[in-house]
Amino acid sequence: MSRPKEMTRAVIVGHKSILKETIDALHDTNLFHVEDFVEDESGFKISKPFKNAEEVSKKLVKIRSIANYLGIESKKPVVQKSDAVLRELDSKLNELDRTISTKTESISQLENELKDMESQKREILPYLSIDLDFDYYRGYESLKVFAGTLKSNLEASQISSITQAYELYFDPQSKAVVLFVAKNDADKVYELLQGLGFKELRVPERGGVPSELLRSIEQREADVTRRIESLKGEIESLKTRYADFILASDEVLSIESQKAELPLRIATSENAFIIDGWTPTEDYDKLVSVVNNATNGKAYITSLEVHHEEEENVPVEYNNSKVVAPLQQVMDLYSRPKYFEIDPSSAIFITFPLIYGMILGDIGYALILGTIALAIKKAMKSDAVSDLMNILIYCQIWSIIFGIIYGEFLGFSLASAHTAHGITAGLIPGWETITLFESIGGEEFTFPIHRSHMVMTMIGLSVFVGLIHLNLGFLFGFSNIARHHGMKHAILEKGSWMIIELGVLLAAVGYFGGSALMYVGAIVLVLGVAMLAMGEGIAGVVELPSLMGNALSYARIIAVGLSSIYIAGTVNDIVFGMIWTDHSKIGFTAIAAIIVFILGHGLNTILSIIAPGLHALRLQYVEFFGKFYQGGGRKFNPFGYIRKYTEE
Amino acid sequence: MVDGATAGLFLDAAGMKALGAAIAIAITGYASAIAEKDIGTAAIGAMAENEGLFGKGLILTVIPETIVIFGLVVALLINQ
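- For chain B, an unreviewed UniProt entry supplies the name ATP synthase and the organism Methanosarcina spelaei.
- One UniProt comment on chain B, placed under Subcellular location (unreviewed entry), says "Membrane".

Dropping the structure here:
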């Protein structure tokens with residue numbers, strides 16, 4: 001069983017004149033986890049950031065806001081030389097900034113113009129049907145002009161009853177009205193108009209015939225829209241042209257900013273600095289030689305002994321093979337192990353996919369999910385996604401193995417089943433179910449295992465698997481405590497549980513066999529409980545029933561599995577029912593049946609990730625980890641950067 | 001299965017068994033749901049503060065699920 005990587009505490013001391021070289025060297029190795037210095041009475045103070053820090057972060061903010069505006073996403077890297085990027089950075093950044101700001105400014109100007117024209121259009125629209133130049137609406141001494149809309153129709157006779165000196169334009173459709181009358185009659189006419197629901201409208205200030213005005217505005221509108229589009233297209237082309245530059249300079253600037261700000265995290269005096277931190281023991285020599293090379297041996301590096309009580313705070317780096325590494329995601333989701341603990345990644349590398357497979361156990365779903373996982377892994381380059389997909393693939397491998405043991409394919413039974421109601425044929429002709437032996441509860445143990453026909457046997461088996469899993473947890477706990485607190489504590493705290501289990505087992509065998517073994521078992525049980533009480537006190541004894549609860553909890557393996565079978569079986573029954581009602585011809589029901597089949601199994605495929613996944617995960621986290629795992633370790637976070645877009 | 005001597009008040013023995021199993025599952029399922037509702041709400045609240053608590057929140061949320069597993073075991077035993 002692997003433990004986290006062994007760490008060495010290293011301290012680097014030197015004169016401030018070599019601080020920059022030391023920091024550069026440390027950053028390049030990416031092996032040193034810097035402990036932040038907290039000011040105390042020792043007289044050391046944290047230092048100030050390097051001179052370029054402010055400038056670098058300003059540029060970084062600028063480049064990130066540009067990247068954000070352009071919507072630049074990380075992509076397949078084009079590696080550039082970092083000093084070349086740095087050299088061009090200022091001029092390119094300024095140029096980019098200038099072009100983008102002029103373009104966005106003109107875009108916003110044009111957009112304002114568009115809004116203006118929109119409101120002009122709205123003013124003109126009511127007058128559209130009245131073919132009269134707007135210049136004729138104003139500038140009279142003895143004439144009053146009413147321009148607006150009415151609620152009801154206006155007849156010329158209504159005006160002529162008041163006065164003969166008028167000129168009326170009225171559009172019965174839009175109810176727009178323009179009326180010229182002599183000023184003397186204006187009051188009376190106004191009363192009449194008000195009775196008809198007159199609402200005055202503003203007359204546009206520009207002269208011209210409405211329909212022509214509208215046409216010219218629409219033309220200009222189209223023109224402006226085209227110009228905005230072309231500007232946006234230019235910005236889009238900036239994005240493709242500068243994407244590599246932006247990604248690379250973001251990286252270079254991030255590195256510079258990390259280096260420039262490190263002095264804030266270390267102890268310095270007037271003339272000297274101390275950098276305190278951790279490095280994997282296997283890399284210590286490399287670190288020493290790198291720092292010595294960079295500073296011509298002027299920096300002093302030494303390793304400190306790690307005290308027992310300090311182990312709590314040692315940063316933790318996993319130490320697993322590439323195959324097991326994806327499971328570290330599952331560990332991190334819960335909590336990283338402490339430095340002195342067993343790292344159970346390699347244990348859950350077996351148990352998590354195994355329990356998942358035991359629950360799902362269907363060749364069909366396993367093939368579908370495995371293919372999807374492979375495809376996603378191919379399509380997405382991200383490490384986190386590929387780890388998740390690897391876990392899913394491990395799970396599907398076990399699902400196929402158990403699918404063969406259960407003889408299941410998309411809820412169909414592959415082998416023929418012998419039940420009280422006769423023989424049901426399987427999907428593969430000629431694969432007969434073989435009865436191996438009598439099992440518990442009057443069931444027969446067969447191959448392949450028909451889960452829905454041997455529920456009691458499967459509950460027993462699930463709990464048995466659970467007990468093995470739990471005892472593995474006790475063994476890990478035993479090892480952890482033995483290492484940390486000594487053998488005696490380990491036997492009392494974790495060994496006692498196993499002795500209790502042994503006692504129960506002996507007593508049960510004795511009880512059913514009717515032999516004196518029962519009393520031996522009882523004595524062993526009492527001994528175990530006494531040891532537990534010594535080891536963990538009364539709290540341990542109170543916890544005793546949880547052992548039964550934990551073991552029975554594994555019954556979910558068959559329970560969740562059965563629910564998946566029943567969903568699949570129901571879909572299959574519905575589909576076959578539909579096809580059989582209409583088997584003479586391929587018609588609507590046959591097509592509907594296919595749709596139901598695809599939708600039903602699609603739903604069950606999604607459920608096949610969630611239900612077995614969550615339950616298998618819970619069995620690891622609650623039942624298994626509960627027996628030994630503490631967690632809460634600090635992540636080993638080396639000072640450095642993993643370059644993607646640049647190189648030295 | 002149907003036997004005059006073992007017939008219950010309203011149902012025959014098989015019916016009573018099925019009803020018993022149904023009650024065992026239904027009530028334990030409901031109990032799990034109530035317990036998980038409260039824990040889940042709190043877990044989501046905690047996760048909103050700190051996303052790293054997802055693992056712990058998940059575990060705490062699914063702990064009461066054992067209740068319904070017991071119900072299931074009882075239901076299966078009744079139907080034995």
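So, next bit.
Quick notes on the overall build of chain A
Then, in step 1: When you go through chain A residue by residue, the secondary structure sums to 18 helices and 20 strands.
Then, in step 2: Projected onto the principal axes, the alpha-carbon positions of chain A cover approximately 130 × 90 × 50 Å.
Then, in step 3: For chain A, with 648 residues in total, the buried portion stands at 45%.
Then, in step 4: Considering only contacts in chain A between residues 6 or more positions apart, those separated by 24 or more positions represent 78%.
Then, in step 5: Only carbon and sulfur atoms are counted for the fraction: they give 59% of the accessible area of chain A, which is about 33,800 Å².

Looking at the overall build of chain B
Then, in step 1: When you go through chain B residue by residue, the secondary structure sums to three helices and zero strands.
Then, in step 2: Reading the secondary structure of chain B in the N-to-C direction produces α-α-α.
Then, in step 3: Relative to its 80 residues, chain B shows a buried fraction of 25%.
Then, in step 4: Look at the contacts in chain B between residues 6 or more apart in sequence, and 70% of them connect residues 24 or more apart.
Then, in step 5: Of the accessible surface of chain B, which amounts to about 5,000 Å², a share of 73% is contributed by carbon and sulfur atoms.

Here we look at the confidence of the model for chain A
Close inspection of predicted coordinates is inappropriate in any region flagged by low pLDDT.
Then, in step 1: Per-residue confidence for chain A gives a mean pLDDT of 88; residues scoring 70 or more make up 99%.
Then, in step 2: Confidence, expressed as mean pLDDT per element, reaches its minimum in chain A at strand 15 (residues 417–419) of chain A with 73 and its maximum at helix 9 (residues 345–360) of chain A with 95.

Quick notes on the interface of chain A and chain B
Then, in step 1: In this assembly, 19 residues from chain A lie in contact with 17 residues from chain B.
Then, in step 2: Across the interface of chain A and chain B, roughly 1,500 Å² is buried in total on both sides, 77% from carbon and sulfur atoms.
Then, in step 3: The largest per-residue losses of area from chain A upon contact with chain B belong to Leu333(A), Met456(A) and Arg618(A), which jointly make up 28% of the total buried on that side.
Then, in step 4: At the surface where chain A touches chain B, the tally comes to one salt bridge.
Then, in step 5: Two residues, Arg556(A) and Glu65(B), come together in a salt bridge whose shortest N-O distance is 3.2 Å.
Then, in step 6: The interface formed by chain A and chain B holds four residue pairs in polar contact (both at pLDDT 80 or more) in total.
Then, in step 7: Among the elements that take part in the side of chain A that touches chain B, helix 18 (residues 588–624) of chain A stands out by supplying six residues, more than any other.
Then, in step 8: A per-class count over the side of chain A that touches chain B returns twelve nonpolar, five polar and two charged.

A closer look at the pattern of salt bridges
When the charged atoms of two side chains lie near each other, side chains of opposite charge can form a pair.
All names here are of chain A.
Then, in step 1: With the rule as written, the count across this model stands at 26 salt bridges over all chains.
Then, in step 2: With its nearest N and O atoms 3.3 Å apart, the salt bridge here joins Lys81 to Glu647. In this pair, Lys81 is assigned in strand 4 (residues 80–81) and Glu647 in strand 20 (residues 646–647), connecting sequence segments 566 residues apart.
Then, in step 3: By relative accessible area, which is 43% here, Lys81 ends up partly exposed.
Then, in step 4: Assessed through its relative accessible area of 36%, Glu647 is described here as partly exposed.
Then, in step 5: In this structure, Asp135 and Arg138 form a salt bridge, with 3.6 Å as the shortest nitrogen-oxygen distance.
Then, in step 6: Residue Arg138 is classed as partly exposed on the basis of its relative accessible area, which comes to 32%.
Then, in step 7: Salt bridges linked by common partners bring Arg9, Asp276 and Glu310 together as one network.

Some words on helix 18 of chain A
One turn of an α-helix holds 3.6 residues; hence residues three or four places apart share an orientation.
Then, in step 1: An ideal rise of 1.5 Å per residue puts 54 Å on 37 residues; helix 18 of chain A measures up with 52 Å between its terminal C-alpha atoms.
Then, in step 2: At Leu607(A), helix 18 of chain A shows its maximal bend, which comes to roughly 30°.

Conventions and cut-offs
- Residues numbered from 1 in each chain as written.
- Chains lettered and ligands numbered in written order.
- Predicted model: local features only at pLDDT ≥ 70, side-chain atom pairs only at ≥ 80, totals over all residues.
- Heavy atoms only, no water.
- UniProt positions renumbered as here; feature names shortened; annotations may be inferred.
- Helix = DSSP H or I, 4+ residues; strand = E, 2+ residues; numbered from the N terminus.
- Buried < 20%, exposed > 50% of the residue type's maximum accessible area, 1.4 Å probe, protein only.
- Contact = heavy atoms within 4.5 Å.
- Areas by Shrake-Rupley, 256 points an atom, 1.4 Å probe, with all protein chains shown as cover.
- pLDDT = per-residue confidence, 0-100.
- Buried area = accessible area lost by both parts, 1.4 Å probe.
- Salt bridge = Lys/Arg side-chain N within 4 Å of Asp/Glu carboxyl O.
- Polar contact = N/O pair within 3.5 Å; in protein donor to acceptor, adjacent residues only side chain to side chain.
- Nonpolar A, V, L, I, M, F, W, Y, C, P; charged D, E, K, R; others polar.
- Expected span 1.5 Å × (residues − 1).
- Bend = angle between axes of the 7 residues up to and from the residue.

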